[in-house]
Amino acid sequence: MSQAKTLDKPVPPGGVIGIIGGGQLGRMLALAAARLGLKAAIYNDENHAPAFQVTPLQIAAPYDDRAMLTGFAEICDAITFEFENLPSDAIAHLASLKPVRPGRRALETTQDRFTEKSFAQALGLKTAPFAAVSSASEAEAAFARLGGPAILKTRRLGYDGKGQVKVANGADAAAAFTQLRSAPSILEGFVDFAFEASVVAARGADGSFAAYDPPENIHENHILRRSIVPGRLSKAQGEEAKAIARKIADALDYVGVLAVELFVTRDGGLIVNEIAPRVHNSGHWTIEACACSQFEQHVRAVAGWPLGDPARHADAVMENIIGAEAHAWESLARTGALHLYGKREARLGRKMGHMTQLKPLTK
């Protein structure tokens with residue numbers, strides 16, 4: 001594999017930022033790029049992607065099609081991705097042609113839950129207890145070591161609660177492994193947390209760092225329902241969350257926006273749950289509540305521009321619009337800043353949009 005390309009100078013206005021993935025994150029990245037005078041090119045594995053609606057530069061082809069990826073790279077000045085379930089070889093191929101930010105290492109570290117937790121622990125960060133599982137007998141043995149209750153998750157793929165099963169004993173763990181089609185898995189000890197939070201932050205190629213205020217996150221049916229900023233995190237906990245994000249970003253030599261999902265324990269401790277190498281649902285409130293949103297921040301980092309100011313000028317509550325809730329768009333439009341993603345079908349559990357409400361800033 002050829003050496004990864006680097007960006008010698010910032011991408012100027014009129015340049016093209018390539019985005020792998022055409023979902024709502026790619027859509028909002030493309031809109032943010034346009035604000036800066038940059039063009040966005042979208043590569044998605046199927047037609048009718050939400051991001052295709054906001055830019056004419058688009059390719060619909062499989063993510064492992066080397067010829068199409070090569071053609072895509074030719075029209076881009078720098079490339080990024082909007083989700084992590086991509087073939088790392090495809091990202092490495094693109095990186096041999098044009099600068100790709102963040103890089104292959106960040107993608108491979110966060111694609112595998114066992115690799116990700118091992119990485120966090122090696123940095124001295126706290127995680128739930130965990131063990132790799134590759135057979136039903138290993139699942140049972142891992143439960144005996146960790147105790148319960150616990151959650152068996154596939155090591156790769158899965159989001160919004162998919163690819164995981166809660167287990168109460170060793171027999172449950174063995175059965176869950178079979179239920180997950182014997183895919184390589186990880187058993188995680190249950191964390192008795194007070195609430196969930198996250199931190200969205202950015203790192204530039206020069207090592208510069210900027211973090212947004214960490215929101216408190218509320219989930220329903222394993223899907224993010226709302227993010228609230230400020231939440232219940234104390235100022236000290238907020239600074240600790242930002243320090244965690246910086247430690248992770250520096251260790252990965254990361255360029256772009258990343259998010260760290262956290263459990264906040266009843267004694268005030270912060271436990272790393274997951275790392276997302278991209279812009280994040282819990283950062284959507286930054287579009288209205290900050291001068292520089294997470295999407296603009298990511299485009300800035302990928303393009304080699306200076307990072308923007310992450311300070312917020314308002315308190316915010318971001319609420320996801322899920323499934324058939326999108327049919328009430330007219331009433332929703334009366335109550336806050338409405339974002340609809342242009343998806344054709346409102347399926348159960350599908351994120352169709354979000355809405356943000358602002359309040360005067362409190363410290």
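Residue numbers here run from 1 along each chain, matching the order of that chain's written sequence. Whole-chain, interface and lining totals are the exception, using all residues; otherwise, since this is a predicted model, local features are given only for residues with pLDDT of at least 70 and side-chain atom pairs are given and counted only at 80 or more. The side-chain values count all of the structure's non-hydrogen atoms but skip hydrogen atoms and water molecules.

Structural notes on unusual backbone geometry
So, step 1. Residue Pro-102 is bonded to the preceding Arg-101 through a cis peptide linkage, with omega at -5°.
So, step 2. The omega torsion of the bond from Val-229 to Pro-230 falls at 0°, within 30 degrees of zero and hence cis.
So, step 3. Phi angles above zero are rare outside glycine, and Arg-181 is one such case at about 60°.
So, step 4. Note that Arg-181 resides in the loop between α7 (170–179) and β8 (185–189).
So, step 5. Throughout, exposure labels follow a simple rule: accessible area from a 1.4 Å probe, protein chains only, divided by the maximum for the residue type, with under 20% read as buried, over 50% as exposed, and the rest as partly exposed. The exposure class assigned to Arg-181 is exposed, which follows from its relative accessible area of 78%. Strands are runs of DSSP state E lasting at least 2 residues, helices are runs of H or I lasting at least 4, and numbering of each runs from the N terminus.

Thoughts on the nonpolar core
So, step 1. Residues belong to one nonpolar core when they are buried, are Ala, Val, Leu, Ile, Met, Phe, Trp, Tyr or Cys, and are joined through side-chain atoms within 4.5 Å. In this structure, Ile-17, Leu-38, Trp-285, Phe-295 and Val-299 are the most contacted members of the largest nonpolar core, which totals 41 residues.
So, step 2. Should any heavy atoms of two residues lie within 4.5 Å, those residues are considered in contact. Residues contacting Val-299, with those up to four places away along its chain left out, are Leu-29, Ala-32, Ala-33, Leu-36 and Leu-38.
So, step 3. By size, the runner-up hydrophobic cluster in this structure holds 24 residues, among which are Val-199, Ala-245, Leu-252 and Leu-262.

Notes on the pattern of salt bridges
So, step 1. A side-chain nitrogen of Lys or Arg and a carboxyl oxygen of Asp or Glu constitute a salt bridge if their distance falls within 4 Å. Inspection of every chain in the model, using the stated rule, returns 24 salt bridges.
So, step 2. Note that Glu-188 and Lys-117 form a salt bridge whose closest N and O atoms lie 3.2 Å from each other. Of this pair, Glu-188 sits in strand β8 while Lys-117 sits in helix α5 (residues 113–122), and the two are 71 residues apart along the sequence. Both residues of the pair, Glu-188 and Lys-117, belong to the buried class.
So, step 3. Of the charged contacts in the structure, one is a salt bridge between Asp-213 and Lys-242, with a shortest N-O distance of 3.3 Å.

Structural notes on the state of the cysteines
So, step 1. The rule for a disulfide is simple: a pair of cysteine sulfur atoms within 2.5 Å. The final tally for this structure, using the stated rule, is 0 disulfides.
So, step 2. Summary of cysteine pairing: Cys-290 is not part of a disulfide, and the nearest cysteine sulfur, belonging to Cys-292, is at 8.3 Å.

Concerning the side chain of Arg-27
So, step 1. Take Arg-27: it is sitting in helix α1 (residues 24–35).
So, step 2. No salt bridge forms around the buried Arg-27; measuring N to O, its nearest opposite-charge neighbour Glu-82 is 10 Å away.
So, step 3. In this structure, Arg-27 is in contact with Pro-50, Ala-51, Gln-53, Val-54, Leu-340, Tyr-341 and Gly-342, ignoring residues within four places of it in sequence. Neither His nor the chain termini are counted; the positive set is Lys and Arg, and the negative set is Asp and Glu.

With respect to the sheet that holds β8
To summarise the sheet geometry, strands pair through backbone hydrogen bonds and adopt either a parallel or an antiparallel arrangement.
So, step 1. One bridge is not enough; two strands pair if DSSP finds at least two bridges between them. Taking strand neighbours across the sheet as the criterion, the 4 strands line up as β5-β8-β6-β7 in an open arrangement whose pairing is antiparallel. What marks the edges here is a single partner per strand, and that holds for β5 (130–133) and β7 (164–167). Within this sheet the neighbouring strands show an average axis-to-axis angle of 20°, counted without direction.
So, step 2. Note that strand β6 (residues 150–154) and β8 share 5 bridges and pair antiparallel. As a rule, the C-alpha atoms of each element are fitted with a line to give its axis, helices using only the stretch in contact, and angles between N-to-C directions run from 0 to 180 degrees.

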